[in-house]
Amino acid sequence: MTDSPTPAPRSRLRSVLPDLAPWRASADFRRLWLAGLVTTFGSFLTFVALPVQIKELTGSAAAVGAIGAVELVPLIVFGLYGGALADALDKRKLILWTEAGQAVLSAALLVNALLPTPAIWPLYVVAALSSALVSVQRPALDALLPRIVAHDHLPAAGSLNALRWQVGGVAGPALAGVVVAYAGLGWAYGADLVTFVVSVALAVGLSPSPASLPHSRLRSSGGTPMAAKPSLKAIAEGARYAWSRKELLGTYVVDIAAMLFALPLAVLPFLADELNAPWSLGLMYAAMPAGAMVVSLTSGWTSRVHRHGRAVVLAAALWGVAVAAAGVSRNVWLVLLFLALGGAADMVSGVFRGVMWNQTIPDELRGRLAGIELLSYSVGPQLGQTYTGGVAAWKGVRTSVWSGGLLCVGAVGLLALCLPKLMTYDARTNEHAVRLREQRGAAAAAAPAPAVAPAEG
């Protein structure tokens, strides 16, 4: 592959704006992106409505924080098993069935909200089941991305996927605050149900994505390739590979530390009340995605960064600083500003974590490693909700926020000292990145026809 110089008049603009190459080149990426946008928008409605409903029914910060505890066990169990499933089964089918299951759960929330006296226990049951479905689906989604996007387009694809999430993250919570306050919880849950139905319809058009042949076996009867069944042995193989890659291990633990100590989402309803600004709750939930969106909209620079490990560490530390500042601020607009800055920092960390994963992990292990990745960026938030809610009930809402931010900075700094391979990682010279880049380049050169689909009109 040769590099051609960018025309001078457009070089600066291209270096800032998002790279749309994955969107133009891959029809499957476009379908998946649109389906994810619709689902994300609806899911954020429920993301806001669920803690608000628990707050209304119980009045307890600890009860709201318990959502994270309820979701934790299914996330751990099904995250690892979902990664093995993604390597063994057709990823398209996994995505479709889990998306349909989420629609059923949204319907259950809607029915419960419409009861004269809504029950509290269905909220926790749905939260746990939804966590299980997400844990099965997410490894399949992550493992599918490197198959439908060219290797050099993966940083741009990661930024576009993050932008998709942020569009829903800004519009969803902001609208949810209005919908819940003026129309009721039922409307939020109903809208979420509709978005899942639309998402399933879009995902039906995805191309099949069967298991990789290196992890296949032959039927003794006919010699037809058949994927090996998921097993503890397969999961252990993925875990051993992750442990052998200390730079990958570093991305996991840095993100867990950041989310464990400095994720204030569970206490935002109470923080809004303390600031005498209940109207700001939707804006608080939207502030972090809004900050992240600014990074995505100017993400062209990310393709020129090669020391991804350092970027992950620095961004995680800045996230902690921003959250601590939000905790000590008494002006609601300053709180919103610092939450937005935190979201921008978290977005930078997420982009470079994703690039490191997608550009260095072999395809036949991608599902299982995606399961481990799911734990790294989900276990932290789930535990973080429980931690933040518990500290808020013990020491107060503000203390839980600012102290968590400071603990995040300290933990990230300590991990940086203990993980030299993360700090020295360079995509240009890392042996795993170089090997995978060469393998994909050779596969593309040997292909009889272009692997990407033409752009749809």
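Residues numbered from 1 in each chain as written. Predicted model: local features only at pLDDT ≥ 70, side-chain atom pairs only at ≥ 80, totals over all residues. Heavy atoms only, no water.

**A word on the overall build of the chain**
At step 1: Scanning the chain for helices and strands turns up 18 helices and 2 strands.
At step 2: Looking at the chain as a whole, 54% of its 457 residues qualify as buried.
At step 3: Restricting the contact set of the chain to residue pairs at least 6 apart, pairs at least 24 apart contribute 85%.
At step 4: When the accessible area of the chain is evaluated, it comes to approximately 20,100 Å², of which 69% is carbon and sulfur surface. (Helix = DSSP H or I, 4+ residues; strand = E, 2+ residues; numbered from the N terminus. Buried < 20%, exposed > 50% of the residue type's maximum accessible area, 1.4 Å probe, protein only. Contact = heavy atoms within 4.5 Å. Areas by Shrake-Rupley, 256 points an atom, 1.4 Å probe, with all protein chains shown as cover.)

**A few points about the packing of helix α9 (residues 232-244) against helix α10 (residues 246-262)**
At step 1: Remark: α9 packs on α10, axes separated minimally by 5 Å, with the N-to-C direction vectors making an angle of 95°. Our classification of the angle between α9 and α10 gives roughly perpendicular. In this structure, α9 contributes Tyr241, Ala242, Trp243 and Ser244 to the contact, and α10 contributes Lys246, Leu248, Leu249 and Tyr252.
At step 2: Its residues placed into classes, the contact of α9 with α10 shows 6 nonpolar, 1 polar and 1 charged. (Axes fitted to C-alpha atoms, helices over the stretch in contact; angles between N-to-C directions. Parallel < 35°, antiparallel > 145°, perpendicular 65-115°, else oblique. Nonpolar A, V, L, I, M, F, W, Y, C, P; charged D, E, K, R; others polar.)

**Structural notes on the packing of aromatic side chains**
For any pair of aromatic rings, the description consists of the separation of the ring centres together with the inter-plane angle of the planes.
At step 1: For the coordinates displayed, the defined rule picks out 6 aromatic pairs.
At step 2: On the basis of an interplanar angle of 80° and a centroid distance of 5.6 Å, the ring pair of Phe44 and Phe47 is categorised as edge-to-face. Here the residue Phe44 and the residue Phe47 both occupy positions in helix α3 (residues 27-58), the gap between them amounting to 3 residues, near one helical turn.
At step 3: Aromatic side chains Tyr252 and Trp357 sit 5.8 Å apart centroid to centroid with 40° between the ring planes, which places their arrangement in the tilted category. Taken together, the residues Tyr252 in helix α10 and Trp357 in helix α14 (residues 332-360) connect sequence positions 105 residues apart. An identical accessibility class is assigned to Tyr252 and Trp357; each is buried.
At step 4: Three or more aromatic residues link up through ring pairs in this structure, and these residues are Phe44, Phe47 and Tyr285.
At step 5: Over the aromatic face of Trp394 sits the side chain of Lys395, whose NZ or CZ is 4.8 Å from the ring centroid. (Phe/Tyr/Trp six-rings, centres within 6.5 Å; stacked < 30°, edge-to-face > 60°. Lys NZ or Arg CZ within 6 Å of the ring centre and 35° of its normal.)

**Things to note about the environment of Arg330**
At step 1: Counting through the fold element by element, Arg330 comes out in the loop between α13 (308-328) and α14.
At step 2: Through-space distance from the C-alpha of Arg330 to that of Arg398 is 9.5 Å; in sequence the pair is 68 residues apart.
At step 3: Not counting chain neighbours up to four residues away, the residues in contact with Arg330 comprise Leu275 and Arg398.

**Some points on the environment of Pro420**
At step 1: Along the chain, Pro420 falls in helix α17 (residues 420-424).
At step 2: With relative accessibility at 52%, the residue Pro420 sits in the exposed group.
At step 3: Considered as a pair, Pro420 and Glu247 are 173 residues apart in the sequence and their alpha carbons are 8.2 Å apart.

**Description of the side chain of Gln53**
At step 1: The residue Gln53 is located in helix α3 in this model.
At step 2: Overall, the relative accessible area of 3% leaves Gln53 in the buried class.
At step 3: A polar side-chain atom of Gln53 sits 2.7 Å from a polar atom in the side chain of Tyr189.
At step 4: Apart from the residues within four sequence positions on either side, Gln53 is in contact with Asn112, Ala113, Pro118, Leu123, Leu185 and Tyr189. (Polar contact = N/O pair within 3.5 Å; in protein donor to acceptor, adjacent residues only side chain to side chain.)

**Considering α14**
At step 1: With 29 residues, α14 extends 42 Å from end C-alpha to end C-alpha; this agrees with the ideal 42 Å at 1.5 Å per step.
At step 2: Most of α14 is tucked away, with 22 of its 29 residues classed as buried.
At step 3: Between the side-chain oxygen at the start of α14 and the backbone nitrogen of Trp333 there is a gap of 2.8 Å, and the oxygen is on Asn331. (Expected span 1.5 Å × (residues − 1).)

**Re the pattern of salt bridges**
At step 1: Tallied over the entire structure, the rule returns 10 salt bridges.
At step 2: Of the charged contacts in the structure, one is a salt bridge between Lys55 and Asp273, with a shortest N-O distance of 3.6 Å. Here Lys55, found in helix α3, pairs with Asp273, found in helix α11 (residues 268-274); they are 218 residues apart in sequence, far enough to count as distant.
At step 3: Asp87 serves as the salt-bridge partner of Arg368, at 2.7 Å between the closest nitrogen and oxygen. Remark: Asp87 occurs in helix α4 (residues 61-88) and Arg368 occurs in helix α15 (residues 366-395); sequence separation between them is 281 residues.
At step 4: Among the ionic contacts, a cluster of salt bridges with common partners joins Asp87, Glu237 and Arg368. (Salt bridge = Lys/Arg side-chain N within 4 Å of Asp/Glu carboxyl O.)

**Examining the nonpolar core**
Soluble globular proteins tend to pack their nonpolar side chains together in the buried interior.
At step 1: Grouped together as the largest cluster of nonpolar side chains are 76 residues, with contacts concentrated most on Tyr189, Leu268, Met284, Trp319 and Leu339.
At step 2: At 12 residues, α14 tops the list of elements feeding residues into this core.
At step 3: The residues touching Leu268, leaving out its near neighbours within four places in the chain, are Leu281, Met284, Tyr285 and Leu339.
At step 4: Grouped together as the second largest cluster of nonpolar side chains are 19 residues, Trp33, Leu96, Val136 and Ile148 included. (Core = buried A, V, L, I, M, F, W, Y, C linked by side-chain atoms within 4.5 Å.)

**Looking at the side chain of Gln137**
At step 1: Along the polypeptide, Gln137 turns up in helix α6 (residues 121-148).
At step 2: Those residues in contact with Gln137 that lie beyond four places of it in its chain are Ile95, Thr98 and Glu99.

**What about the confidence of the model for the chain?**
At step 1: Averaged over all residues, the pLDDT of the chain is 82; the fraction at 70 or higher stands at 89%.
At step 2: Here strand β1 (residues 216-218) stands out as the least confident element of the chain, with mean pLDDT 42; α13 is the most confident, with 94.
At step 3: The low-confidence segment residues 215-225, where pLDDT is below 50, has 21 contacts with residues more than four positions distant or belonging to other chains.
At step 4: Predicted confidence is poor over residues 450-457, with pLDDT under 50, and the contacts of this stretch with residues over four places away or in other chains come to 11 contacts. (pLDDT = per-residue confidence, 0-100.)

**Focus on the layout of surface pockets**
At step 1: Of the voids in this model, the second largest pocket is the one considered here, and its volume is about 370 Å³.
At step 2: If you trace the second largest pocket, you find 19 residues lining it, with Val52, Gly177, Ala181, Pro278 and Leu281 closest to the centre.
At step 3: The set of elements that each furnish at least two residues to the lining of the second largest pocket consists of α3, α7 (154-182), α11 and α12 (281-297).
At step 4: In terms of residue count, the dominant contributor to the lining of the second largest pocket is α7 (7 residues). (1 Å grid on protein atoms, 1.4 Å probe; cavity = no way out; pocket = protein on both sides within 12 Å on 5 of 7 lines; lining within 4 Å. Points joined across faces, edges and corners; volume = space filled by probe spheres on them.)

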